[in-house]
Each structure stands twice: as C-alpha cells, then as structure tokens.
Amino acid sequence: MDVNKEKSTIVLFSGELDKAIAAFIIANGAAAYDHEVTIFFTFWGLNALRKDESAFVKKGWLERMFAKMMPRGADKLGLSRMNFGGIGPKMIKHVMKKHNALTLPQLIELAQEQGVKLVACTMTMDLLGLQQEELLDGIEYAGVAAYLGDAADAKVNLFI
Amino acid sequence: MANLVVDAKGLACPMPIVKAKKGIDTLEPGQTMELQTTDKGSMKDFQAWVNQTNHELVEAREDSGVFTFVVKKGS
C-alpha cells in the first residue's frame, strides 16, 4: 500500500440511521480525497453491517434475544431523534430520495467500491452474539490494536 | 476543451466529489476535467478538494445555479 497516502478513520459506535449516514458520507468523501479510509464498527454500529436476511447460526438464548431486538441491517436502522416508531426513518428516506441523495445501503456499497475498509470489532460481536455469517461480505475482523494502528497514522479520526 | 466532462448535476453530497475523483483517476497528469454540479456546497467543496490533492483548479464559475469547474490533473 502507498505509504504516502493520507489516512482517515471513523469509529461507528451508534446504530442509528442518521449517524450511520453521516459516517458513510464522510468516509466516501475521504475516499474521494484519496485517503485510505477505515471504519471500525463496534457495539450498535455493527447493526449497520447486518445482512437483511437471517443467517442460520447457532446462538445462545441471550444472543438470540439481542438478535431479535436489534435492527437487522442498514435499511432497518431507526433515527436518533424523531424516530416515532419507524415513521421518522420513512420520512427521511422519502426526503432523501427527493433530493437525489444516496440511501444508506447505496452509501455502504459505494464505500466498498471505493476501497473503504470496513472493520467489525470482534469483541463486541461476541457480546451482541453477532457472527460473521450474519454480516455483509467483504468486511474485515479486528480489535482495538488494529484500530489504533490505523488511527495513529491518520489525521482525521472520528467517533460517531 | 477539457479532456473529460463529468456531469454531476442534480446529485447530492457526496456524489459530486466521488464522481470527480473517479473522473480524474481516468486522466493523465496535465489533462483537464470539466465538472458540472448543482449542489450549493460545491464551490467550497471543490476549492478544498483541489487544495488537498495535487490537482489545479483552472476555472470555477456559477451560472444560474450550475457550477462549472475545470480541474487540471497534477502528477
């Protein structure tokens, strides 16, 4: 990899639609700046990486409860404010379409196409009972040391 | 005449900058790209982008809501 390339990292801790959209817009912008971009997904942020269809994996009772209660994938995320039991996200998606903005699933696809590294935190995956089969293809799995390795070289490090 | 014309009119952030990057990647150093956008943040966006990359902003103008930028690819 080009050592002279600027780097940017984002930690996506939140699992809400608005915050995930912001993270992916910044990530795609940074990739257009030719930065090496990494997004680390931890805790609720991992939900943005879930596939919309269910994967058949063995889970304990608590993990099954988590899986049921957490949004399954980018299209199912709620809003941090004005969620109104799911009406808010519908309104936002409608308005975004009207303004020709990309949807979150499209932003994720674009990020992958632009070479943005999507990294799932394996420790919090264990806590929430998420397994690799349930998450999008083409992502990486790592922990805090990998994050710090990337973040130490980056001028832009965001926690969302 | 620019070597490449990229039409990003009607597209919202971050598409204009992403299309600009994809466009300029296809050019050789010294060649130019003309980019058209309608996003109101474009002027600041492209000034910043050109400042942070090696490219040169040859021309930037607005005409009734359409922004046109001519960018020369750096080495």
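Residues numbered from 1 in each chain as written. Chains lettered and ligands numbered in written order. Predicted model: local features only at pLDDT ≥ 70, side-chain atom pairs only at ≥ 80, totals over all residues. Heavy atoms only, no water.

### Some details on the layout of surface pockets
Put simply, the largest pocket is a space of about 370 Å³. Here the element with the most residues in the lining of the largest pocket is helix α1 (residues 15-25) of chain B; it accounts for three residues. Along the lines of polarity and charge, the residues of the lining of the largest pocket split into four nonpolar, eight polar and seven charged. Approximately 270 Å³ is the volume attributed to the second largest pocket. In terms of lining residues, the second largest pocket is bounded by 18 residues, among which Ile 26, Gly 29, Ala 30 and Tyr 33 of chain A together with Ile 17 of chain B are the most central. Looking at the lining of the second largest pocket residue by residue, the class counts come to twelve nonpolar, four polar and two charged. (1 Å grid on protein atoms, 1.4 Å probe; cavity = no way out; pocket = protein on both sides within 12 Å on 5 of 7 lines; lining within 4 Å. Points joined across faces, edges and corners; volume = space filled by probe spheres on them. Helix = DSSP H or I, 4+ residues; strand = E, 2+ residues; numbered from the N terminus. Nonpolar A, V, L, I, M, F, W, Y, C, P; charged D, E, K, R; others polar.)

### Concerning the confidence of the model for chain B
Looking at chain B as a whole, the pLDDT averages 95, with 100% of positions reaching at least 70. For this predicted complex, the interface score ipTM comes out at 0.91, alongside a pTM of 0.94. (pLDDT = per-residue confidence, 0-100.)

### So, empty space enclosed by the protein
All names here are of chain A. Scanning all chains against the criterion turns up two cavities of 30 Å³ or more. Forming the walls of the largest cavity are Leu 17, Ile 21, Ala 74, Asp 75, Lys 93, Met 96, Thr 103, Leu 104 and Pro 105. Contributing elements (two or more residues each) for the lining of the largest cavity: α1 (17-32), α3 (87-98) and α4 (104-113). When the residues that make up the lining of the largest cavity are grouped by side-chain class, the tally is six nonpolar, one polar and two charged. Lys 7, Ser 8, Thr 9, Glu 36, Thr 38, Lys 117 and Asp 150 together form the lining of the second largest cavity. Going through the elements one at a time, β1 (7-12) and β2 (36-41) are the ones with two or more residues in the lining of the second largest cavity. Of the residues forming the lining of the second largest cavity, the biggest block, three residues, is contributed by β1. Looking at the lining of the second largest cavity residue by residue, the classes come out as no nonpolar, three polar and four charged.

### Focus on the UniProt feature "domain: UPF0033" (unreviewed entry) in chain B
Per the UniProt record, the feature "domain: UPF0033" (unreviewed entry) sits at residues 6-30 of chain B. Secondary structure over residues 6-30 of chain B splits into 44% helix and 12% strand, and the C-alpha atoms at its two ends are 17 Å apart. (UniProt positions renumbered as here; feature names shortened; annotations may be inferred.)

### A closer look at the nonpolar core
By size, the foremost hydrophobic cluster in this structure holds 53 residues, and its most contacted members are Phe 24, Ile 39, Leu 104 and Leu 118 of chain A together with Trp 49 of chain B. Here the element with the most residues in this core is α1 of chain A; it accounts for nine residues. Setting aside chain neighbours within four positions, we find Leu 118 of chain A in contact with Phe 24, Ile 39, Phe 41, Leu 49, Ile 108, Gln 112, Ile 139 and Glu 140 of chain A. (Core = buried A, V, L, I, M, F, W, Y, C linked by side-chain atoms within 4.5 Å. Buried < 20%, exposed > 50% of the residue type's maximum accessible area, 1.4 Å probe, protein only. Contact = heavy atoms within 4.5 Å.)

### Quick look at α1 of chain A
All names here are of chain A. The terminal C-alpha atoms of α1 lie 22 Å apart, and with 16 residues this matches the ideal 22 Å at 1.5 Å per residue to within 8%. All of the buried residues along α1 are Leu 17, Ala 20, Ile 21, Ala 23, Phe 24, Ala 27, Asn 28, Gly 29, Ala 30, Ala 31 and Ala 32. Taken from the residues just after α1, Asp 34 is the one with a positive phi, measuring 75°. (Expected span 1.5 Å × (residues − 1).)

### A closer look at the sheet that holds strand β4 (residues 140-142) of chain A
Within a sheet, neighbouring strands are paired by backbone hydrogen bonds and run either parallel or antiparallel to one another. Residues and elements named next belong to chain A. Strand order in the open sheet made by the five strands is β4-β3-β2-β1-β5, with parallel pairing throughout. Either end of the sheet is taken by a strand with one partner, and the two such strands are β4 and β5 (156-159). Going across the sheet, the axis of each strand differs from the next one's by a mean of 20°, ignoring polarity. Here β2 pairs with strand β3 (residues 117-121) via four bridges, running parallel. Across the sheet, residue Phe 40 finds its bridge partner in β3, namely Val 119. α1 contacts β1, β2, β3 and β5 of the sheet and is inclined by roughly 170° relative to β1. Here helix α6 (residues 144-152) sits on the sheet and contacts β1, β2, β3, β4 and β5; the angle it forms with β1, its principal contact strand, is near 140°. (Pairing = 2+ DSSP bridges. Axes fitted to C-alpha atoms, helices over the stretch in contact; angles between N-to-C directions.)

### Quick notes on the pattern of salt bridges
Pairing of side chains with opposite charge becomes possible as their charged atoms draw close. As enumerated under the stated definition, the model contains 13 salt bridges over all chains in all. Lys 155 of chain A is paired through a salt bridge with Glu 6 of chain A; the nearest N and O atoms lie 3.0 Å apart. Taken together, the residues span a long stretch of sequence, with Lys 155 of chain A in the loop between α6 and β5 and Glu 6 of chain A in the segment before β1 at a distance of 149 residues. A salt bridge links Lys 21 of chain B to Asp 34 of chain A; the shortest N-O distance between them is 2.8 Å. Taken together, the residues Lys 21 of chain B in helix α1 and Asp 34 of chain A in the loop between α1 and β2 connect one chain to another. Here Lys 21 of chain B falls in the buried class, since its relative accessible area comes to 12%. Classification of Asp 34 of chain A as partly exposed rests on a relative accessible area of 36%. (Salt bridge = Lys/Arg side-chain N within 4 Å of Asp/Glu carboxyl O.)

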